[in-house]
2 protein chains.
Amino acid sequence: MMHTLNPDRLWARIEALARFTRPDLPWTRRAFTPEFAAARAWLAENFAAAGLAAATDAAANLIGRREGSVPGLAPLAVGSHCDTVPAGGRFDGIAGVAAALEIAQSFAEAGIALRHPLEVIDFLSEEPSDYGASCIGSRAMAGTLTPAMLAARNAEDEPLIAAIERVGGIPGALAEPLRRPGEIAAFLELHIEQNTVLESRGEAVGIVSAIVGIHRLRLTVTGRTDHAGSTPMHARHDALVGAARVIDAAHRLAREMTGNPGYVVATVGRIAVSPNAANAIPGRAEMILDLRSTSDDVLARFPRLLREATAPGLAEMDLAFACELITRARPAPCAPEIREALATAARAQGHAALELPSGAGHDAMQIAEIAPVGMVFVPCRGGRSHCPEEWAEAADIAAGAQVLAAALLDLDARLG
Amino acid sequence: MMHTLNPDRLWARIEALARFTRPDLPWTRRAFTPEFAAARAWLAENFAAAGLAAATDAAANLIGRREGSVPGLAPLAVGSHCDTVPAGGRFDGIAGVAAALEIAQSFAEAGIALRHPLEVIDFLSEEPSDYGASCIGSRAMAGTLTPAMLAARNAEDEPLIAAIERVGGIPGALAEPLRRPGEIAAFLELHIEQNTVLESRGEAVGIVSAIVGIHRLRLTVTGRTDHAGSTPMHARHDALVGAARVIDAAHRLAREMTGNPGYVVATVGRIAVSPNAANAIPGRAEMILDLRSTSDDVLARFPRLLREATAPGLAEMDLAFACELITRARPAPCAPEIREALATAARAQGHAALELPSGAGHDAMQIAEIAPVGMVFVPCRGGRSHCPEEWAEAADIAAGAQVLAAALLDLDARLG
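Criteria and thresholds
Residues numbered from 1 in each chain as written. Chains lettered and ligands numbered in written order. Predicted model: local features only at pLDDT ≥ 70, side-chain atom pairs only at ≥ 80, totals over all residues. Heavy atoms only, no water. Helix = DSSP H or I, 4+ residues; strand = E, 2+ residues; numbered from the N terminus. Rg over C-alpha atoms; globule rule 2.2 N^0.38 Å. Buried < 20%, exposed > 50% of the residue type's maximum accessible area, 1.4 Å probe, protein only. Areas by Shrake-Rupley, 256 points an atom, 1.4 Å probe, with all protein chains shown as cover. Lys, Arg positive; Asp, Glu negative; His and termini not counted. Charge placed at Lys NZ, Arg CZ, Asp CG, Glu CD. Phe/Tyr/Trp six-rings, centres within 6.5 Å; stacked < 30°, edge-to-face > 60°. Salt bridge = Lys/Arg side-chain N within 4 Å of Asp/Glu carboxyl O. Contact = heavy atoms within 4.5 Å. Buried area = accessible area lost by both parts, 1.4 Å probe. Polar contact = N/O pair within 3.5 Å; in protein donor to acceptor, adjacent residues only side chain to side chain. Domains from an automatic or database assignment. Nonpolar A, V, L, I, M, F, W, Y, C, P; charged D, E, K, R; others polar. Axes fitted to C-alpha atoms, helices over the stretch in contact; angles between N-to-C directions. Parallel < 35°, antiparallel > 145°, perpendicular 65-115°, else oblique. Left-handed = near helix turned anticlockwise from the far one by under 90°. Pairing = 2+ DSSP bridges. Least-squares fit on C-alpha atoms with pLDDT ≥ 70 in both. Expected span 1.5 Å × (residues − 1).

Thoughts on the overall build of chain A
Each helix and strand in chain A was counted, giving 12 helices and 15 strands. Radius of gyration (C-alpha) of chain A: 23 Å, near the 22 Å computed for a compact globule of 416 residues. Counting only C-alpha atoms and orienting by the principal axes, one finds that chain A spans roughly 80 × 45 × 40 Å. Taken across its 416 residues, chain A has 61% of its residues classed as buried. Of the accessible surface of chain A, which amounts to about 14800 Å², a share of 53% is contributed by carbon and sulfur atoms. Computing the positive centroid from 37 side-chain charges and the negative centroid from 49, chain A places the two 3 Å apart.

Encoded structure:
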């Protein structure tokens, strides 16, 4: 079946979505904000233009649907998210939503009737919101949105569950997964790579082998606050010196474990020191460790290895060290049949069908709990993402969307 | 000359001063606040009760003065500060002000006429304020309060110079030192030790040999913000990992240098990381290093040694490291004639006359720029200070004040 999408319309939709931003802080369209509501209204119109019946589900995911020709088949779903981090970019999530819309519209215009229903999904709040959790919409769909996440409050003391209701969700329906295994035949997502593998290889399209599991841990080092001037070095219980040893050890450990097995990265991105005064020895340091790997075994072993590596340096100053798992997402291998469909499509269109892991979490990672998933990556300049400089080329996004469209047609023919 | 002070009145004044606190956060009486103004009003009444003529100088130091019997002699000054850090203690500074008041009042009641004028000084804002600098009043007196310090603004955008005017100072007079060398015959200060040397030796009184010099340095490590998930370990420029290596190296270096020569302590008490998000590799980390030593040479060499020690660990991640001196106070040796007078008085009262360095800065350190200074330390429980648990025994404070009073009488007789 021959099919070509419209690259100009695809690009124009990406540019149009970017304009729904806080004017003082481009590109900012956080979930639950007025900018987000405006973008959603615009998207609903565009879903209709693409021949899709649009509605929000109980988690306020915006879903456009076109029925298939064979009754009773589960839908093929494709999509991503249109929310951004503060001062983020114009492509993370957005490219995937715009590509899904373009695929649906070009199918409709070409008179291509799928056997399966086709769903285009804009997931709610993939990025971390002021309520804490990320991937809110895809978690709700897969049943991984916990009561604690729903109860978490933003700075204005609004719980997440009320915010979801405010944007069109149905709180009472969120205690159960919105979809069960078998209710989605396959989920496919196009996303920018957020790294430089494709750029450095000169590839326009990559096929994701697996999405890393992510463990977030709260690391707390507790010592004693003392006067910075009058406490001799040997008498200190300096929590920040202890934290420094933990930060360095986590970095070295992840470096050593890389490839043994799989992809491993460990980052301390947040630290809070108390009392945080120039003339006081820190009595407490709290850090968030973001640990990611394609290997469940690495994720499980890391905290113990970190504890062993830092024990002598912490004991020297009689510091206490606590290590608490606060969120956990399992590694999500992409489904072999979808990887194969994507690889076949990529080769047919002249690409190398390079496979690579995703170090970033995506909505597809949540959906992998209930359905086979696959992802297409397109290069992003210098690997920069979550910043205004984030950039992807129109031609690469179109190439990725074209591969995804071809794989969808292939899967539509092959899946039951 | 026999003289005995009133320990109960001394203790009652310490307790009375403690009551001028933010009720929600004991013990908090920061300079420039309503609690501080109320304490100052109470102090002014007590200066009068002690036979002192009280007035504020151009830096809003509260000074009580009693004239001496020999015209033309410079005053003997004694005092400390009544402001506190947030959630601080009831003794740091306060014990010195109350002791000075008690000495003046007991001299007056005993009919002791000094040859020199006697000044009791409550210095303005010895503790760091929201305007940045510490020792504001004693710096102004000694001429070490810089235009940059005076121009620094608090969170409400009020410059320090306006705050000084608000509490009774005269901005136009602050461009010159308020006192010149020779205009103070000697300055003596009683203070809690803020360490455990006296406590562990079972001594009620210690004599300060020298006050450490303090260098505050801004250390900045600059790398690159990248996605915590998609950036492999070998491709990172993680500013927080670099900062961790700097923090650990500063600790180890100060430990190695201790006693070689003199007292050395180094503390990173403040750190700010950007963007400080769990899923972002820190692109920038800014720290304040508080470096103290009785040796000028150690203070001068430390930054270079720190740079050398951290160079390989920072180069590995291609991180930039800047090290900027933001404030500097020279080590202040206490004057030999005052140490001798204090030692003689201490021995006469049955103490060991133990000498020890001060690792904390004090108003005396600033006044040492223009006058001979001496300090008496009294023990504080467990060395705890700048916290609500700060505690000193009434008997120890009285013993320290008695030694200080006897030394004052001795110096009054001997100094020209």
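So that's the structure; there's more coming.
Considering the packing of aromatic side chains
Residues and elements named next belong to chain A. Counted according to the given criterion, the structure contains 12 aromatic pairs over all chains. Considering the side-chain rings of Trp11 and Trp391, the 5.6 Å spacing of their centres and the 75° angle between planes classify their relative orientation as edge-to-face. Of this pair, Trp11 sits in helix H1 (residues 7–18) while Trp391 is found in the loop between strand S15 (373–378) and helix H12 (394–414), placing the two residues 380 residues apart along the sequence. Residue classification places Trp391 among the partly exposed residues on the basis of a relative accessible area of 22%. Ring centres of Phe20 and Trp42 lie 6.1 Å apart, and the angle between their planes is 55°; this geometry places the pair in the tilted category. Taken together, the positions of Phe20 in the loop between H1 and helix H2 (34–49) and Trp42 in helix H2 put the pair 22 residues apart, joining distant regions of the chain. Taken together through their ring pairs, the aromatic side chains of Trp11, Phe91 and Trp391 make up a single cluster.

Comments concerning the pattern of salt bridges
Oppositely charged side chains can form a pair if their charged atoms are brought close together. Residue and element names in this part refer to chain A. According to the stated counting rule, one finds 58 salt bridges over all chains in the structure shown. Here Arg179 makes a salt bridge to Glu119, at a shortest N to O gap of 3.0 Å. Within this pair, whereas Arg179 is found in the loop between helix H6 (160–166) and strand S5 (186–192), its partner Glu119 is found in strand S4 (residues 118–123), the two being separated by 60 residues in sequence. Looking at Arg179, the relative accessible area reads 13%, which means it is buried.

Observations concerning the interface of chain B and chain A
Between chain B and chain A, the contact holds 56 residues from the first and 56 residues from the second. Buried surface at the junction of chain B and chain A, summed over both partners, amounts to about 4700 Å²; 54% is from carbon and sulfur atoms. The largest per-residue losses of area from chain B upon contact with chain A belong to Met233, His251 and Ala278 of chain B, which jointly make up 14% of the total buried on that side. Between Asp226 of chain B and Arg384 of chain A there is a salt bridge whose closest N-O contact spans 4.0 Å. Counting across the interface, chain B meets chain A through 18 residue pairs in polar contact (both at pLDDT 80 or more). Every element with two or more residues in the side of chain B that touches chain A is listed here: strand S8 (226–227), helix H8 (239–257), strand S9 (264–274), strand S10 (280–281) and strand S11 (284–293) of chain B. When residues in the side of chain B that touches chain A are grouped by element, the largest group, 10 residues, is from H8 of chain B.

Thoughts on the domain arrangement of chain A
Residue and element names in this part refer to chain A. Along its sequence, chain A is organised into domain 1 (7–212 + 331–414) and domain 2 (214–329). When each unit is reduced to the centre of its C-alpha atoms, the spacing between domain 1 and domain 2 is 34 Å. Across the boundary between the two partners, domain 1 contributes 9 residues, which contact 9 residues of domain 2. When the two sides are added together, the surface that domain 1 and domain 2 hide from each other amounts to roughly 790 Å², 70% of it contributed by carbon and sulfur. For the domain 1 face of the interface with domain 2, the top three residues by lost area are Val212, Pro331 and Gly359, together amounting to 58%. On inspection of domain 1 and its partner domain 2, the count reaches 0 salt bridges. Linking domain 1 with domain 2 are 1 residue pair in polar contact (both at pLDDT 80 or more), by the criterion used here. Class assignment of the residues belonging to the side of domain 1 that touches domain 2 gives a composition of 6 nonpolar, 3 polar and no charged.

A short note on the packing of H1 of chain A against helix H3 (residues 94–109) of chain A
All names here are of chain A. As a packed pair, H1 and H3 sit with axes 9 Å apart at the nearest point and diverge in direction by 140°. For the element pair H1 / H3, the angle class is oblique. The two elements H1 and H3 meet at a crossing, and its hand is right-handed. Contacts from Arg9, Leu10, Arg13, Ile14 and Leu17 of H1 reach H3 at Ile94, Ala95, Ala98, Ala99, Leu101, Glu102, Gln105, Ser106 and Glu109. Here the residues of the contact of H1 with H3 are counted per class, giving 8 nonpolar, 2 polar and 4 charged.

Re the pairing of S9 of chain B
Along any regular strand the residues' side chains alternate between the sheet's two faces. Residue and element names in this part refer to chain B. The buried fraction of S9 is high, at 8 of 11 residues. Both S9 and S11 contribute to a ladder of 10 bridges, which runs antiparallel. Across the sheet, Ile271 pairs through a bridge with Met287, a residue of S11.

Considering the relation of the copies chain B and chain A
Once turned by 180° and shifted 0.3 Å along the axis, chain B lies on chain A with an RMSD of 0.3 Å. Viewed as a symmetry operation, the transformation between the two copies matches a two-fold axis. For chain B, the smallest separation between a C-alpha atom and the rotation axis is recorded for Ala244 of chain B, amounting to 2.1 Å. Mapped onto chain A, 100% of the interface residues of chain B again fall at the interface, so both copies present the same surface.

Some points on the sheet that holds strand S7 (residues 213–222) of chain A
Residue and element names in this part refer to chain A. Spatially, S9-S11-S7-S12 is the arrangement adopted by the 4 strands of the open sheet, whose pairing is antiparallel. Looking at which strands have only one partner, the edges of the open sheet turn out to be strand S9 (264–274) and strand S12 (320–329). Averaged over all neighbouring strand pairs, the angle between strand axes comes to 20°, with direction disregarded. Across the sheet, helix H8 (residues 239–257) lies against S7, S9, strand S11 (284–293) and S12, angled at about 170° from S9, the strand it touches most.

Remarks on the side chain of Ser129 of chain B
Residues and elements named next belong to chain B. Relative to the assigned elements, Ser129 resides in the loop between strand S4 (118–123) and helix H4 (136–142). Under the relative-accessibility criterion, Ser129 is labelled buried at 12%. Sequence-distant contacts of Ser129, defined by excluding residues within four places in its chain, comprise Arg30, Phe32 and Ile136.

Re H1 of chain A
Residues and elements named next belong to chain A. Look at H1: 17 Å from first C-alpha to last across 12 residues, which is about the 16 Å you get at 1.5 Å a residue. Arg9, Leu10, Trp11, Arg13, Ile14, Ala16, Leu17 and Ala18 are the residues of H1 that are buried. The inward-facing, buried residues of H1 abut H2, H3 and H12.

Remarks on the side chain of His351 of chain A
Of note, His351 of chain A is situated in the loop between helix H10 (336–348) and strand S14 (354–358). Excluding residues that lie within four positions of it along the chain, His351 of chain A makes contacts with Glu203, Ala204, Val205, Ala346, Ala399 and Val403 of chain A.

Concerning the sheet that holds S11 of chain B
Residue and element names in this part refer to chain B. Strand order in this open sheet of 4 strands is S9-S11-S7-S12, and the pairing throughout is antiparallel. In this open sheet, the two edge strands, each paired with only one partner strand, are S9 and strand S12 (320–329). Strand-to-strand, the axes of this sheet are offset by a mean angle of 20°, without reference to chain direction. Summarising the sheet, strand S7 (residues 213–222) and S11 pair through 10 bridges and their orientation is antiparallel. From the neighbouring strand, Arg218 faces S11, where its bridge partner is Ile288.

Structural notes on the environment of Leu150 of chain A
All names here are of chain A. Summarising the element assignment, Leu150 is placed in helix H5 (residues 147–151). Judged by relative accessible area, which is 8%, Leu150 ranks as buried. For the pair Leu150 and Tyr131, spaced 19 residues apart in sequence, the C-alpha separation works out to 8.4 Å. Once you skip the residues sitting within four places of it in the chain, Leu150 turns out to touch Leu145, Pro159, Leu160, Ile161, Ile164 and Leu174.

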